[in-house]
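Here are the chains, one letter per residue:
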Amino acid sequence: MKKPIAFEVTQITTGPKHHLFGYIGQSLTIPWNESGRYIVAVRTNFFKRMPKAGETADIVIIDTANGYKVTKVDTTQAWNLQKGTMLYWNPNAPETQFFFNDRDPKTEDIFTVLYDISTMKRVKEYRFSPGPSTVANTGVAPSGSFFVAVNHGRNNGREVVSYAGAVDETLSKPANPTTDGLFKVDIATGKRTIIISYDAIVKFLAPMGYVVDPTYPLTINRTTCNRDSNRINFIIRGNGGGPNNRKKGWPQVEFIIRSDGSHLIQIPKPGHTDWLEGPVITSGNKQGWIDLYNVDTASFTGDKLGTKNTFKDPGADMAYSPDGRWMVCSYKSDGSWCYQFYRLSDGAVFTATTTLTREGATPINSSTRIDGAPRWNRSSDAILVDGIVTENNRSKGTRQMAIIRLIPDPQ
């Protein structure tokens, strides 16, 4: 018998200011610290436009044991309304330390900060020069050995993932040089290593039928590490042509590479993927299930999560629970975010609906969109989500966060 599940939805932040975590929930990106007491988040003064250079956002911690009290701990100038500032608890000290990105207004550097809430101080800043000085975190390896980084100055052509004020130092060089690309940064030593360059990626794309405009810089987006921390997933966007164009001038290609820079491969269907075990990554199927793809054999395993029409939107944001027992996938219904919880043990599906919306009282443009990304807690029984709510019958909504908790039937 499939045991039923109920849900408890709790809004944990309120206005007038706005609160968000950031869009990603894959690859064990967990907003809670190790004990589960604190949630790290971003607090902003606005949410209907992108930030301008020099505008700050607050870095806050939310105390789940004290009425969800919000405490400001620092500020950042490297943030936006889709991905926040790349908040990650440090796997080497997950109770007290987390990473976020920042911008130096004097040097225009973008860099990564390691912060400790036990001392309320910055423990370390990861800054780089010579070479691109806007290289900062885009994903922490679950092992805690390194974080993946990119040159954030190259993202200015796509506002939704850019940091206001970030300068692309590569513009005076070849558009896709050997000195810029996908980096990893050793967390302990701060050493930066290039895993693969943009030049190498262009050469890899050419035999596949892509014609990359030599004057236009490629950009790397959405980097995630598998749980073994030996493979990295990333998406390339750029100006040119190719077999997977979604619109003229913007091909989108998804790659996997080993963390040592070897075995670069393309995976067939770019999307919001996640890792569970070893080299197997998810791939949403338009018919309503999720396929599993083995990146080492470059083939689908034949296994899948669900059957036809199980998932309302299998290409949307999804995330495995840390214990590997659940897959949660978001979809939108009548403007509200909904979440389908798929239990891997028996294929049962349970749906939770929130009052959080994407649109809110007024339309939101693509640069300030709110994704439905679910982010699990460490005990695999709750997710953190965000969206727009209307408070005290006011016509203007605010962007806030809520927790959806799974409540098993005692029977």
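Look a little higher up for the structure.
The shown structure was predicted, so the numbers you read here are calculated from the model rather than taken from an experiment.

Student: Any chance you could explain the overall build of the chain here in plain terms?
Tutor: The number of helices and strands found in the chain is 1 helix and 29 strands. For 411 residues, the compact-globule formula gives about 22 Å, and the C-alpha radius of gyration of the chain, at 20 Å, lands near that figure. Considered along the principal axes of its C-alpha atoms, the chain spans approximately 60 × 50 × 40 Å. Burial analysis of the chain (411 residues in total) assigns 56% to the buried set. A sequence separation of at least 24 residues applies to 54% of the contacts in the chain between residues at least 6 apart. Surface exposure of the chain reaches about 16700 Å², of which carbon and sulfur atoms provide 49%. If you average the places of the 48 positive and of the 39 negative side-chain charges in the chain, the two averages end up 4 Å apart.

Student: When you look at the nonpolar core in this model, what are you seeing that I'm missing?
Tutor: Where a protein is soluble and globular, its nonpolar side chains tend to be buried together. Membership of the largest hydrophobic core comes to 52 residues, with the highest contact counts inside it found for F98 and F341. Per-element accounting of this core gives the leading share, 6 residues, to strand β28 (residues 382-390). With near-sequence residues (within four places) excluded, F98 lies in contact with V40, I59, I61, V73, L87, Y88, W89, N90, V113, L114, Y115 and I117.

Student: Teacher, can you tell me more about the pattern of salt bridges here?
Tutor: Opposite charge on two side chains makes pairing possible when the charged atoms of those side chains draw close. Under the criterion given, the structure shown has 17 salt bridges. For R154, the salt bridge identified is with D180, shortest N-O distance 3.6 Å. Of this pair, R154 sits in the loop between β11 (146-151) and β12 (181-186) while D180 is found in the loop between β11 and β12, placing the two residues 26 residues apart along the sequence. Classification of R154 by relative accessible area gives buried; the value is 4%. We classify D180 as buried; its relative accessible area is 0%. Between D386 and R399 there is a salt bridge; the shortest N-O distance is 2.8 Å. Highlighted residues: D386 in strand β28 and R399 in strand β29 (residues 397-408), separated in sequence by 13 residues. The pair formed by D386 and R399 is uniform in burial state, with each residue classed as buried. A single salt-bridge network, built from bridges that share partners, covers D74, D102, D104, R122, E125 and R127.

Student: Any chance you could explain the pairing of strand β25 (residues 336-343) here in plain terms?
Tutor: In summary, the side chains of a regular strand alternate between the two faces of the sheet. Within β25, 8 of the 8 residues are buried, leaving the element largely enclosed by the surrounding structure. Because side chains alternate across β25, one face comprises the buried residues S336, C338, Q340 and Y342, and the other comprises W337, Y339, F341 and R343, equally buried. Note: strand β24 (residues 326-333) against β25, 8 bridges, orientation antiparallel. Counterpart to Y331 in the pairing with β25 is C338. Taking the residues that link successive antiparallel strands as the turn, the β24-β25 hairpin has 2 residues, and the phi of D334 there is positive, at about 55°. Here 6 bridges tie β25 to strand β26 (residues 349-357), and the two strands are oriented antiparallel to one another. Counterpart to Y339 in the pairing with β26 is A352. The turn linking β25 back onto β26 is made up of 5 residues, and G347 within it adopts a positive phi angle of 75°.

Student: Help me understand the pairing of strand β4 (residues 57-63) in this model?
Tutor: Among the 7 residues that make up β4, 7 are buried, leaving the element largely enclosed by the rest of the structure. Residues of β4 alternate between two faces, with A57, I59, I61 and D63 on one and D58, V60 and I62 on the opposite face, all of them buried. In the sheet, strand β3 (residues 38-44) pairs with β4 via 6 bridges, with the strands oriented antiparallel. Bridge pairing in β4 links V42 to I59. Inspection of the sheet shows β4 paired to strand β5 (residues 69-76) by 7 bridges, in the antiparallel sense.

Student: Can you walk me through the sheet that holds strand β20 (residues 280-284) in this structure?
Tutor: Strand pairing in a sheet relies on backbone hydrogen bonds. The paired strands run either parallel or antiparallel. The 3 strands lie next to each other as β20-β21-β22, forming an open sheet whose pairing is antiparallel. Strands with a single pairing partner mark the edges of an open sheet, and in this sheet they are β20 and β22 (299-305). Adjacent strand axes in the sheet meet at a mean angle of 35° when their direction is disregarded. Both β20 and strand β21 (residues 290-294) contribute to a ladder of 5 bridges, which runs antiparallel. Across the sheet, the residue bridging to I281 is Y293, located in β21.

Conventions we followed
Along each chain, residue indices are assigned from 1 in the same order as the chain's sequence is written. Local features in this predicted model are restricted to residues of pLDDT 70 or higher, and side-chain atom pairs are both shown and tallied only at a pLDDT of 80 or more, whereas totals for entire chains, interfaces and linings draw on every residue. As a rule here, side-chain values cover all heavy atoms of the structure and leave hydrogens and water aside. Counting from the N terminus, the helices are DSSP H or I runs at least four residues long and the strands are E runs at least two residues long. Between the two quantities, the radius of gyration covers C-alpha atoms and the globule rule is 2.2 Å times the number of residues to the power 0.38. Think of it in three bands: with a 1.4 Å probe and only protein chains considered, a residue is buried below 20% of the maximum accessible area for its type, exposed above 50%, and partly exposed in between. Contact between two residues is taken to exist if any of their heavy atoms lie within 4.5 Å; hydrogens are not considered. For every accessible area listed, the method is Shrake-Rupley and the probe measures 1.4 Å; residues are considered covered only by the protein chains on display. Only four residue types enter the charge count, namely Lys and Arg as positive and Asp and Glu as negative; His and the chain termini do not. To locate a charge, take atom NZ for lysine, CZ for arginine, CG for aspartate or CD for glutamate. Side-chain atoms within 4.5 Å link the members of a nonpolar core, which is a set of buried Ala, Val, Leu, Ile, Met, Phe, Trp, Tyr and Cys residues. For salt bridges, the criterion is a side-chain nitrogen of Lys or Arg within 4 Å of an Asp or Glu carboxyl oxygen. Two strands qualify as a pair provided DSSP detects at least 2 bridges between them. The angle between two axes is taken between their N-to-C directions and runs from 0 to 180 degrees, where each axis is a line fitted to C-alpha atoms and a helix contributes only its stretch in contact.

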